[in-house]
Amino acid sequence: MLTPTTTTGEYNAPPFADRSGIVRSFHDIESGRLDRDSPVVVMFSGGLDSTYLLHRLTSAGFGDIHAVYADLGAGEDIEEQKHVAEQLSVHLHILDGRQVFAEEYVRPAVAAQSVYLGTHPISSSLSRPLIAKLAVEQATALGAAGILHTANRSQNTMRRLNGALGDLGWAGVYGSPYDLDPVERDQKVRELESRGLVHMSKRLTSVDSNLWCREFESGVLEDPEEHSVPEHLYRWSVLPSRRTGTDIEIGFRGGVPCSVDGTELPLREVIDTLNHRVGACGIGRYSGLEHLQGGQKVLELREMPAAWILLRSYRHLETATVDAESIREKMHIEQIWVREALEGRWFANLRRASQSFIDACASHVTGTVRWRLRDGTADTLSIRAEHPLYLRDREAWERWATARALA
């Protein structure tokens, strides 16, 4: 196992035979664009598409394949990933990105109130830049000739991964063979079964998970006009039984969630705790349509209990500590931030510049918000700021303001 390190995106590129080019089809791979004797890195989730790509690479004679699995806190059992790697004789690298994901990607997303067009908190827009960054670090360490992923034309992941790899300065070949060369699901299942990977036939939807979100799409969930998520896919937001309310208090320091019920916790543990505590009341399920690069819309469904309550808690505390004009301007900048993340420009200047303004506002956001959780919803019980702008006694303030006006 390998542990990721922080990178600035600057490195000494290895001496590639072909230092440019984007892979867009399996023909690109098999026609010699990638040196079969050099290491090649594959962003590997353990799903059908990435497993099939490993199979095609081994079948094409590549002998030094490295499957990179980024652990971003989904809590998944990785035995299947290990089984695939062993069955296909590829190297598996499990990279622990949980803390980095929480602190460098989710933390700014909370402060930015990163919600897509008012429908759902963004999620893969946060994870894809980090996965790309980890892949670049691994590929650089290996002296790899290329980095491959499995995004297709109906996924926004394509421009997010390609955009991140470009902004990080990756000098080798990169891209997805599914871009111009889609493969039918039945063909992928059939070929993988011939390699002893029979469990792939059971995957009827695409599930993308990390500590911030569990996202479902494709398969039985393709049609916005007729969709119902199989209940077994949900893990955090269980359907609640009738019960009395329960209280929970969330603490922030300088805009960063730092405690639950008065207990100080690292951010990733705050998120994990809230996913289970808030999700147990059936809170945090989202559905929404997200645009593709050409303007078409696709259905995406999520469960995000921690995001549901953290974003609301942050806004409550922000309004208690930041002046109204700054918040109005910040709400405009938030959508610039969200747009840049969505369009795959996480590492570009505009997202970073937007972050600077957002972080300046976040420095004031210190205090707690206490909630009463009920089946399917929650009510605030207390908003307590360290340096508040709110009034606690309006009548006393009226007397003070009148006396001052008359003085």
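Above this note sits the structure.
Q: Account for unusual backbone geometry, with residues named and values stated.
A: At S89, a residue that is not glycine, the phi angle is positive and equals roughly 60 degrees. Locating S89 in the fold gives a position in the loop between α3 (79–88) and β4 (91–96). For S89, a relative accessible area of 66% gives the class exposed. Positive phi, close to 55 degrees, is recorded for D261, a residue that is not glycine. By the secondary structure assignment, D261 is in the loop between β12 (256–260) and β13 (263–264). What makes D261 partly exposed here is its relative accessible area of 39%.

Q: Tell me about the environment of R372, residues and numbers included.
A: As for its position among the elements, R372 is in strand β16 (residues 367–374). Sequence separation of R372 and E249 is 123 residues, and the distance between their C-alpha atoms is 9.0 Å. Those residues in contact with R372, other than ones at most four positions away along the chain, are G245, T246, D247, T377, A378, D379 and L381.

Q: Break down the sheet that holds strand β3 (residues 65–71) for me, with residues and values.
A: Ordered in space as β1-β8-β7-β2-β3-β4, the six strands form an open sheet in which the pairing is parallel. For this open sheet the edge positions go to β1 (22–23) and β4, each flanked by a neighbour on one side alone. The pairing of strand β7 (residues 146–148) with strand β8 (residues 173–175) spans three bridges and is parallel. Note that in β8 the partner of I147 across the bridge is Y174. Along the sheet, helix α5 (residues 124–142) makes contact with β2 (40–43), β3, β4 and β7, crossing β2 at roughly 160 degrees.

Q: How would you explain the environment of T321 if you had to name every residue and give the values?
A: In this fold, T321 is placed in helix α9 (residues 305–321). For the pair T321 and Y69, spaced 252 residues apart in sequence, the C-alpha separation works out to 41 Å. Each residue touching T321, except ones within four places of it in the same chain, is listed here: H364, V365, T366, A385, H387 and L389. Side-chain polar atoms of T321 contact the backbone oxygen of L317, separated by 2.9 Å.

Q: So what's going on with the sheet that holds strand β14 (residues 285–291)? Residues and values would help.
A: One open sheet holds the four strands; their spatial order is β9-β10-β15-β14, and the pairing between them is antiparallel. Both outer strands of the open sheet, β9 (206–209) and β14, are each paired with one neighbouring strand and no more. For this sheet the average axis-to-axis angle between neighbouring strands, irrespective of direction, equals 25 degrees. Sheet analysis places strand β10 (residues 214–217) next to strand β15 (residues 297–303), joined by three bridges and oriented antiparallel. Looking across to β15, one finds that F216 is bridged to L301.

Q: Explain a nonpolar patch on the surface to me, using residue names and the numbers behind them.
A: A cluster of nonpolar side chains, namely L391, W397 and W400, defines an oily patch on the protein surface of about 330 Å² accessible area. Checked against the element boundaries, W397 lands in helix α12 (residues 394–406).

Q: Which residues make up the pairing of β2, and what values go with them?
A: The side chains of a regular strand alternate between both faces of the sheet. What you see with β2 is no split at all: V40 and V42 on one side and V41 and M43 on the other are buried throughout. Taken together, the four bridges between β2 and β3 define a ladder with parallel strand orientation. In the sheet register, V40 faces β3, and the bridge partner there is I65. Since β2 and β3 lie parallel, the crossover through helix α2 (residues 48–59) that links them has a hand, and here it is right-handed.

Q: Any chance you could break down the packing of aromatic side chains for me, citing the residues and the numbers?
A: Any aromatic ring pair is given by two values, namely how distant the centres are and how the planes are angled relative to each other. Counting across every chain of the model gives eight aromatic pairs. Consider the rings of F252 and Y314, whose centres lie 5.8 Å apart with planes at 70 degrees: the pair is edge-to-face. In this pair, F252 is assigned in strand β11 (residues 246–253) and Y314 in helix α9, connecting sequence segments 62 residues apart. Taking relative accessible area as the criterion, F252 reaches 2% and is therefore assigned buried. A relative accessible area of 0% means that Y314 is categorised as buried. With a centroid separation of 6.1 Å and 55 degrees between ring planes, the pair formed by W308 and W371 is classed as tilted. With W308 in helix α9 and W371 in strand β16, the pair connects residues that are 63 residues apart, well separated along the chain.

Rules and cut-offs
Residues numbered from 1 in each chain as written. Predicted model: local features only at pLDDT ≥ 70, side-chain atom pairs only at ≥ 80, totals over all residues. Heavy atoms only, no water. Helix = DSSP H or I, 4+ residues; strand = E, 2+ residues; numbered from the N terminus. Buried < 20%, exposed > 50% of the residue type's maximum accessible area, 1.4 Å probe, protein only. Contact = heavy atoms within 4.5 Å. Pairing = 2+ DSSP bridges. Axes fitted to C-alpha atoms, helices over the stretch in contact; angles between N-to-C directions. Polar contact = N/O pair within 3.5 Å; in protein donor to acceptor, adjacent residues only side chain to side chain. Patch = residues over 30% accessible without salt bridge, like charges linked within 9 Å, V, L, I, M, F, W, Y side chains within 5 Å. Areas by Shrake-Rupley, 256 points an atom, 1.4 Å probe, with all protein chains shown as cover. Salt bridge = Lys/Arg side-chain N within 4 Å of Asp/Glu carboxyl O. Right-handed = clockwise from strand over helix to strand, strands pointing away. Phe/Tyr/Trp six-rings, centres within 6.5 Å; stacked < 30°, edge-to-face > 60°.

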